[in-house]
Amino acid sequence: KAGVTQTPRYLIKTRGQQVTLSCSPISGHRSVSWYQQTPGQGLQFLFEYFSETQRNKGNFPGRFSGRQFSNSRSEMNVSTLELGDSALYLCASSPTLDRRANVLTFGAGSRLTVL
Amino acid sequence: AQTVTQSQPEMSVQEAETVTLSCTYDTSENNYYLFWYKQPPSRQMILVIRQEAYKQQNATENRFSVNFQKAAKSFSLKISDSQLGDTAMYFCAFMKHSIYGGSQGNLIFGKGTKLSVKP
(Lines give C-alpha, C1' and ligand atoms only; values in the text may rest on other atoms or scores of the structure.)
Protein backbone atom coordinates (compact mmCIF):
# COMPACT_ATOMS: atom_id res chain seq x y z
CA LYS A 1 0.00 0.00 0.00
CA ALA A 2 1.58 3.28 -1.09
CA GLY A 3 2.15 5.89 1.58
CA VAL A 4 1.41 9.59 1.56
CA THR A 5 3.17 11.20 -1.39
CA GLN A 6 4.18 14.82 -1.42
CA THR A 7 5.55 16.75 -4.37
CA PRO A 8 7.82 18.52 -4.90
CA ARG A 9 10.22 17.41 -2.18
CA TYR A 10 12.39 20.50 -2.40
CA LEU A 11 11.85 23.91 -3.89
CA ILE A 12 13.36 27.35 -3.78
CA LYS A 13 11.34 30.50 -4.33
CA THR A 14 11.91 34.20 -3.93
CA ARG A 15 9.94 36.65 -1.83
CA GLY A 16 6.67 37.69 -3.41
CA GLN A 17 6.25 34.56 -5.49
CA GLN A 18 3.63 31.94 -4.86
CA VAL A 19 3.95 28.18 -4.47
CA THR A 20 1.68 25.17 -4.77
CA LEU A 21 2.40 21.93 -2.95
CA SER A 22 0.69 18.65 -3.70
CA CYS A 23 -0.28 15.70 -1.53
CA SER A 24 -1.66 12.30 -2.51
CA PRO A 25 -3.09 10.46 0.49
CA ILE A 26 -3.07 6.76 1.16
CA SER A 27 -5.68 5.04 -0.98
CA GLY A 28 -9.01 5.08 0.84
CA HIS A 29 -8.07 7.92 3.18
CA ARG A 30 -10.42 10.84 2.78
CA SER A 31 -9.05 13.20 5.40
CA VAL A 32 -5.96 15.22 4.52
CA SER A 33 -4.30 17.72 6.83
CA TRP A 34 -1.33 20.04 6.44
CA TYR A 35 1.31 21.14 8.93
CA GLN A 36 4.16 23.62 8.86
CA GLN A 37 7.37 22.65 10.63
CA THR A 38 10.01 25.25 11.48
CA PRO A 39 12.87 25.22 14.01
CA GLY A 40 11.39 28.18 15.87
CA GLN A 41 7.68 27.45 15.93
CA GLY A 42 7.78 23.67 15.72
CA LEU A 43 4.87 21.85 14.15
CA GLN A 44 1.78 23.92 13.52
CA PHE A 45 -1.53 22.85 12.05
CA LEU A 46 -2.55 24.63 8.85
CA PHE A 47 -5.83 23.05 7.77
CA GLU A 48 -7.71 19.82 7.26
CA TYR A 49 -9.88 18.70 4.38
CA PHE A 50 -12.47 15.99 4.13
CA SER A 51 -14.63 15.26 1.08
CA GLU A 52 -13.41 18.42 -0.65
CA THR A 53 -14.44 20.60 2.32
CA GLN A 54 -12.20 22.41 4.75
CA ARG A 55 -13.26 21.14 8.17
CA ASN A 56 -10.70 22.79 10.35
CA LYS A 57 -8.24 25.63 10.03
CA GLY A 58 -5.23 26.72 12.05
CA ASN A 59 -4.09 30.23 12.85
CA PHE A 60 -2.36 31.22 9.63
CA PRO A 61 -2.90 34.27 7.42
CA GLY A 62 -5.09 34.14 4.34
CA ARG A 63 -2.01 33.79 2.13
CA PHE A 64 -2.15 30.11 3.05
CA SER A 65 -4.92 28.24 1.31
CA GLY A 66 -5.72 24.74 0.26
CA ARG A 67 -8.16 22.55 -1.55
CA GLN A 68 -9.04 18.94 -1.96
CA PHE A 69 -10.14 17.16 -5.10
CA SER A 70 -12.74 14.45 -5.55
CA ASN A 71 -10.00 11.77 -5.53
CA SER A 72 -8.89 13.08 -2.08
CA ARG A 73 -5.65 14.53 -3.42
CA SER A 74 -4.92 17.88 -1.86
CA GLU A 75 -2.96 21.00 -2.71
CA MET A 76 -1.90 23.89 -0.60
CA ASN A 77 -0.93 27.28 -1.90
CA VAL A 78 1.08 30.06 -0.34
CA SER A 79 0.89 33.42 -2.06
CA THR A 80 3.16 36.44 -1.71
CA LEU A 81 5.90 34.39 -0.08
CA GLU A 82 7.82 35.80 2.86
CA LEU A 83 11.17 34.71 4.25
CA GLY A 84 9.40 33.32 7.30
CA ASP A 85 7.47 30.87 5.12
CA SER A 86 10.64 28.82 4.72
CA ALA A 87 9.71 25.52 6.32
CA LEU A 88 9.03 21.85 5.91
CA TYR A 89 5.40 21.43 4.92
CA LEU A 90 3.97 18.10 5.98
CA CYS A 91 0.85 16.47 4.68
CA ALA A 92 -0.93 13.71 6.57
CA SER A 93 -3.88 11.50 5.76
CA SER A 94 -6.15 9.43 7.93
CA PRO A 95 -8.92 6.91 7.47
CA THR A 96 -12.42 7.84 8.45
CA LEU A 97 -15.07 6.17 10.51
CA ASP A 98 -12.94 3.41 11.90
CA ARG A 99 -11.14 2.90 15.16
CA ARG A 100 -7.90 4.32 13.77
CA ALA A 101 -9.55 7.39 12.27
CA ASN A 102 -7.49 9.67 14.49
CA VAL A 103 -4.17 8.16 13.43
CA LEU A 104 -2.37 10.35 10.94
CA THR A 105 0.12 8.99 8.43
CA PHE A 106 2.59 11.62 7.33
CA GLY A 107 4.33 12.18 4.04
CA ALA A 108 8.03 12.97 3.72
CA GLY A 109 7.29 16.67 3.35
CA SER A 110 8.03 19.48 0.95
CA ARG A 111 10.93 21.65 2.00
CA LEU A 112 10.39 25.22 0.90
CA THR A 113 13.19 27.78 0.96
CA VAL A 114 12.28 31.41 0.37
CA LEU A 115 15.15 33.70 -0.66
CA ALA B 1 -6.90 26.11 24.00
CA GLN B 2 -4.87 22.99 24.37
CA THR B 3 -1.12 23.04 24.91
CA VAL B 4 1.50 20.32 24.97
CA THR B 5 4.80 20.71 26.80
CA GLN B 6 7.92 18.62 26.45
CA SER B 7 10.40 19.83 29.03
CA GLN B 8 13.43 17.88 27.78
CA PRO B 9 14.83 19.38 24.56
CA GLU B 10 17.56 16.75 24.33
CA MET B 11 18.31 13.40 25.92
CA SER B 12 20.79 10.65 25.40
CA VAL B 13 20.83 7.00 26.39
CA GLN B 14 23.19 4.09 26.00
CA GLU B 15 22.20 1.30 23.70
CA ALA B 16 20.15 -1.43 25.47
CA GLU B 17 19.22 0.88 28.35
CA THR B 18 15.83 2.38 29.20
CA VAL B 19 14.86 6.02 28.78
CA THR B 20 11.73 7.98 29.65
CA LEU B 21 10.57 11.07 27.76
CA SER B 22 8.23 13.45 29.54
CA CYS B 23 5.13 15.21 28.26
CA THR B 24 2.46 17.26 29.96
CA TYR B 25 -0.59 18.79 28.42
CA ASP B 26 -3.35 21.17 29.28
CA THR B 27 -6.95 20.78 28.19
CA SER B 28 -10.48 21.16 29.45
CA GLU B 29 -11.66 18.34 27.19
CA ASN B 30 -12.64 15.01 28.64
CA ASN B 31 -12.43 12.93 25.47
CA TYR B 32 -9.19 13.11 23.56
CA TYR B 33 -6.25 11.16 22.22
CA LEU B 34 -2.56 11.36 22.93
CA PHE B 35 0.23 10.28 20.65
CA TRP B 36 3.96 9.93 20.45
CA TYR B 37 5.40 10.44 16.99
CA LYS B 38 8.99 9.83 15.99
CA GLN B 39 10.86 11.78 13.30
CA PRO B 40 14.26 10.24 12.46
CA PRO B 41 16.87 12.55 10.93
CA SER B 42 15.80 13.49 7.39
CA ARG B 43 13.07 10.90 7.44
CA GLN B 44 9.34 11.10 7.77
CA MET B 45 7.28 11.22 10.91
CA ILE B 46 5.86 7.92 12.08
CA LEU B 47 3.48 6.98 14.86
CA VAL B 48 5.05 5.31 17.87
CA ILE B 49 2.10 4.85 20.15
CA ARG B 50 -1.44 6.09 20.76
CA GLN B 51 -3.50 6.41 23.94
CA GLU B 52 -7.24 6.99 24.17
CA ALA B 53 -8.04 9.16 27.18
CA TYR B 54 -11.06 7.13 28.22
CA LYS B 55 -8.90 4.02 28.61
CA GLN B 56 -7.17 3.71 31.96
CA GLN B 57 -4.84 0.99 30.75
CA ASN B 58 -1.51 2.31 29.50
CA ALA B 59 -0.77 1.60 25.84
CA THR B 60 2.20 -0.55 24.87
CA GLU B 61 3.82 -1.31 21.52
CA ASN B 62 6.69 -3.75 21.81
CA ARG B 63 9.57 -1.83 23.47
CA PHE B 64 7.50 1.35 23.79
CA SER B 65 5.07 2.02 26.60
CA VAL B 66 3.40 5.04 28.10
CA ASN B 67 2.55 6.19 31.59
CA PHE B 68 -0.74 8.02 31.21
CA GLN B 69 -1.83 10.00 34.25
CA LYS B 70 -5.08 11.70 33.26
CA ALA B 71 -5.60 13.67 36.46
CA ALA B 72 -2.06 14.99 36.34
CA LYS B 73 -2.29 15.53 32.56
CA SER B 74 0.93 13.66 32.08
CA PHE B 75 1.86 11.31 29.26
CA SER B 76 5.41 9.96 29.35
CA LEU B 77 7.02 7.54 26.90
CA LYS B 78 9.30 4.76 28.06
CA ILE B 79 11.65 3.13 25.57
CA SER B 80 13.12 -0.14 26.78
CA ASP B 81 16.21 -1.84 25.35
CA SER B 82 17.09 1.28 23.35
CA GLN B 83 18.44 0.69 19.86
CA LEU B 84 20.52 2.89 17.57
CA GLY B 85 17.52 3.17 15.27
CA ASP B 86 15.58 4.89 18.05
CA THR B 87 17.69 8.02 17.50
CA ALA B 88 15.16 10.66 16.45
CA MET B 89 13.06 13.64 17.45
CA TYR B 90 10.12 12.51 19.51
CA PHE B 91 6.96 14.57 19.52
CA CYS B 92 4.14 14.30 21.99
CA ALA B 93 0.80 15.29 20.45
CA PHE B 94 -2.81 15.86 21.48
CA MET B 95 -6.00 15.55 19.48
CA LYS B 96 -9.44 16.19 20.85
CA HIS B 97 -12.24 13.82 20.09
CA SER B 98 -14.01 14.69 16.88
CA ILE B 99 -17.74 15.24 16.64
CA TYR B 100 -17.50 13.70 13.20
CA GLY B 101 -16.52 10.37 14.71
CA GLY B 102 -13.18 10.38 12.99
CA SER B 103 -10.15 12.53 12.57
CA GLN B 104 -10.17 16.28 12.32
CA GLY B 105 -6.46 16.13 11.63
CA ASN B 106 -5.79 18.81 14.19
CA LEU B 107 -2.85 17.51 16.14
CA ILE B 108 -1.30 19.85 18.68
CA PHE B 109 2.37 19.05 19.04
CA GLY B 110 4.94 19.68 21.71
CA LYS B 111 8.30 21.15 20.74
CA GLY B 112 9.93 17.75 20.69
CA THR B 113 12.72 15.88 22.46
CA LYS B 114 15.84 14.99 20.51
CA LEU B 115 16.89 11.51 21.60
CA SER B 116 20.34 10.18 20.83
CA VAL B 117 21.10 6.51 21.41
CA LYS B 118 24.82 5.94 21.89
CA PRO B 119 26.61 2.66 21.13
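Residues numbered from 1 in each chain as written. Chains lettered and ligands numbered in written order. Predicted model: local features only at pLDDT ≥ 70, side-chain atom pairs only at ≥ 80, totals over all residues. Heavy atoms only, no water.

Undergrad: Hey, could you run me through the overall build of chain B in this one?
TA: The helix and strand tally for chain B stands at 0 helices and 12 strands. For chain B, the sequential pattern of α-helices and β-strands runs β-β-β-β-β-β-β-β-β-β-β-β. Here the C-alpha atoms of chain B give a radius of gyration of 14 Å, agreeing with the 14 Å that 2.2 N^0.38 yields for 119 residues. With respect to the principal axes defined by its C-alpha atoms, chain B has extents near 45 × 30 × 25 Å. Each of the 119 residues in chain B was classed as buried or not, and the buried ones make up 48%. Across chain B, contacts joining residues at least 24 apart in sequence account for 57% of those joining residues at least 6 apart. Counting only carbon and sulfur atoms, one obtains 45% of the accessible surface of chain B, whose full area is about 6,000 Å². Seen as two clouds, the 12 positive and the 9 negative side-chain charges of chain B have centres 5 Å apart. (Helix = DSSP H or I, 4+ residues; strand = E, 2+ residues; numbered from the N terminus. Rg over C-alpha atoms; globule rule 2.2 N^0.38 Å. Buried < 20%, exposed > 50% of the residue type's maximum accessible area, 1.4 Å probe, protein only. Contact = heavy atoms within 4.5 Å. Areas by Shrake-Rupley, 256 points an atom, 1.4 Å probe, with all protein chains shown as cover. Lys, Arg positive; Asp, Glu negative; His and termini not counted. Charge placed at Lys NZ, Arg CZ, Asp CG, Glu CD.)

Undergrad: Which parts of the structure should I look at to understand the packing of aromatic side chains?
TA: Each aromatic ring pair is characterised by the separation of its centres together with the angle its planes make. Summed over all chains, the structure comprises 15 aromatic pairs over all chains. Each residue in the set Tyr35(A), Phe45(A), Phe106(A), Phe35(B), Tyr37(B), Phe91(B) and Phe109(B) is aromatic and connected to the rest through ring pairs, giving one cluster. (Phe/Tyr/Trp six-rings, centres within 6.5 Å; stacked < 30°, edge-to-face > 60°.)

Undergrad: Explanation requested: the environment of Leu115(B) in the structure shown.
TA: Residue and element names in this part refer to chain B. Its location among the elements puts Leu115 in strand S12 (residues 113-118). Taking relative accessible area as the criterion, Leu115 reaches 0% and is therefore assigned buried. Separated by 75 residues in the primary sequence, Leu115 and Pro40 have C-alpha atoms spaced 9.6 Å apart.

Undergrad: I'm lost on the environment of Tyr37(B) in this one. Help?
TA: One can find Tyr37(B) in strand S5 (residues 32-39). Among the residues examined, Tyr37(B) registers a relative accessible area of 0% and is labelled buried. Residues in contact with Tyr37(B), not counting those within four places in the same chain, are Val103(A), Leu104(A), Phe106(A), Met45(B), Ile46(B), Leu47(B), Val48(B), Met89(B), Tyr90(B), Phe91(B), Leu107(B) and Phe109(B). Within the structure, Tyr37(B) has its side chain in polar contact with the backbone oxygen of Leu104(A) (distance 3.1 Å). (Polar contact = N/O pair within 3.5 Å; in protein donor to acceptor, adjacent residues only side chain to side chain.)

Undergrad: Got a minute to help me understand the pairing of strand S10 (residues 88-96) of chain B in this structure?
TA: On any regular strand, side chains alternate: one points to one face of the sheet, the next to the other face. All names here are of chain B. When you tally the buried positions in S10, you get 7 out of 9 residues, the bulk of the element. One ladder, built from 8 bridges, connects S5 with S10; its direction is antiparallel. Opposite Trp36, over in S10, you have Cys92 as the bridge partner. Pairing analysis gives 3 bridges linking S10 to S12, with the strands arranged antiparallel. Residue Ala88 lies in a different strand from S12, and its bridge partner there is Leu115. (Pairing = 2+ DSSP bridges.)

Undergrad: Any chance you could explain the state of the cysteines here in plain terms?
TA: Joining two cysteines, a disulfide is a covalent bond between their sulfur atoms. Residues and elements named next belong to chain A. All chains considered together, the criterion is met by 2 disulfides over all chains. At a sulfur-sulfur separation of 1.8 Å, the disulfide partner of Cys23 is Cys91. Across the S-S bond linking Cys23 and Cys91, the dihedral sits near -60°, which makes this disulfide left-handed. Separated by 68 residues along the polypeptide, Cys23 in strand S3 (residues 19-24) and Cys91 in strand S9 (residues 87-94) bring together distant segments of the chain. (Disulfide = S-S within 2.5 Å.)

Undergrad: For this particular structure, what's the right way to read the environment of Tyr89(A)?
TA: All names here are of chain A. Here Tyr89 is to be found in strand S9. Exposure remark for Tyr89: the relative accessible area of 0% places this residue in the buried category. Between the C-alpha atom of Tyr89 and that of Gln6, which follows or precedes it by 83 residues, the distance is 9.2 Å. Apart from residues no more than four positions distant in its own chain, Tyr89 is found in contact with Gln6, Leu21, Tyr35, Gln36, Leu46, Phe64, Met76, Gly109, Ser110 and Leu112.

Undergrad: Help me out: how do you make sense of the nonpolar core in this one?
TA: Nonpolar side chains tend toward joint burial in soluble globular proteins. Formed by 25 residues in total, the largest nonpolar core has its most connected members in Tyr25(B), Trp36(B), Phe75(B), Leu77(B) and Tyr90(B). When contributions to this core are tallied by element, the ones reaching two or more residues are strand S3 (19-21), S5, strand S6 (46-52), strand S8 (64-69), strand S9 (74-79), S10 and S12 of chain B. In terms of residues, this core owes the most to one element, S10(B), which gives 4 residues. Those residues in contact with Leu77(B) that sit more than four places away from it in its chain are Val19(B), Thr20(B), Leu21(B), Trp36(B), Val48(B), Ile49(B), Phe64(B), Ser65(B), Val66(B) and Tyr90(B). Grouped together as the second largest cluster of nonpolar side chains are 21 residues, Val4(A), Leu11(A), Phe64(A) and Leu112(A) included. (Core = buried A, V, L, I, M, F, W, Y, C linked by side-chain atoms within 4.5 Å.)

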